[in-house]
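Here's the letter readout for the chains.
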Amino acid sequence: NTNRTYISYVDSVGYLASKPQGQRTAVYHALLHGYLQFAASCGFEHAHIWVAPPTAGVEYIFHGRPADPRPPMAVEVLRGWYERMLRGAEEKGIVRSWSTLEEHTSGLTSMRDFPLFDGDFFPDKVPEILERAEQSSSE
């Protein structure tokens, strides 16, 4: 995990209000761009972002969450949100390139080279990902 940073969760709880409405995404994207730029200035060459909506009823950051009538965001919608953020960072020269985890790890020859971050969600998902990869390669 040398020169790697990891963003495990961005909480979009509605404590951030914007005027005009609808500007929260721009603010969150700017915060992430700033973080990625800062991380690069500290020597980090890779940034990994966990893209999965929270499980209903699970609180990661804010434990006093206000009522939210919206259903949890679908994985595809959340992935699109991060992809738009990354394309913007790429256009601004903050990010040189980006890829999915599967694309990033497709050429690995050893699990030692696989990016794992202790204390977070991803290590628990490794067996599931490996199983899906085995199923895909056997089809």
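Refer to the structure above for everything that follows.
A.B. asks: Quick rundown of the overall build of the protein chain? Include the residues and the values.
C.D. replies: Across its full length, the protein chain holds four helices and two strands. Scanning the protein chain from its N terminus toward the C terminus, one meets helices and strands in the order β-α-β-α-α-α. By residue count, 24% of the 139 residues in the protein chain fall in the buried class. A separation threshold of at least 6 residues defines the contact pool for the protein chain, and within that pool the share at least 24 residues apart is 68%. Element-wise, carbon and sulfur atoms account for 53% of the exposed surface of the protein chain, whose accessible area totals about 9900 Å².

A.B. asks: Break down the nonpolar core for me, citing the residues and quoting the values.
C.D. replies: Counting residues in each nonpolar core, the largest one holds twelve residues, listed as Ile7, Tyr28, Leu32, Leu36, Leu78, Trp81, Tyr82, Met85, Leu86, Ala89, Ile94 and Val95. Mapped onto this core, the elements with two or more residues apiece are α1 (24-41) and α2 (75-91). Top contributing element to this core by residue count: α2, with six residues.

A.B. asks: Describe unusual backbone geometry, with residues and values.
C.D. replies: It is generally the case that most residues other than glycine have a negative phi and that most peptide bonds are trans. One non-glycine residue with positive phi stands out, namely Asn3, at about 60°. Tracing the backbone through its elements, the reader meets Asn3 in the segment before β1 (4-7).

What counts, and at which threshold
Residues numbered from 1 in each chain as written. Predicted model: local features only at pLDDT ≥ 70, side-chain atom pairs only at ≥ 80, totals over all residues. Heavy atoms only, no water. Helix = DSSP H or I, 4+ residues; strand = E, 2+ residues; numbered from the N terminus. Buried < 20%, exposed > 50% of the residue type's maximum accessible area, 1.4 Å probe, protein only. Contact = heavy atoms within 4.5 Å. Areas by Shrake-Rupley, 256 points an atom, 1.4 Å probe, with all protein chains shown as cover. Core = buried A, V, L, I, M, F, W, Y, C linked by side-chain atoms within 4.5 Å.

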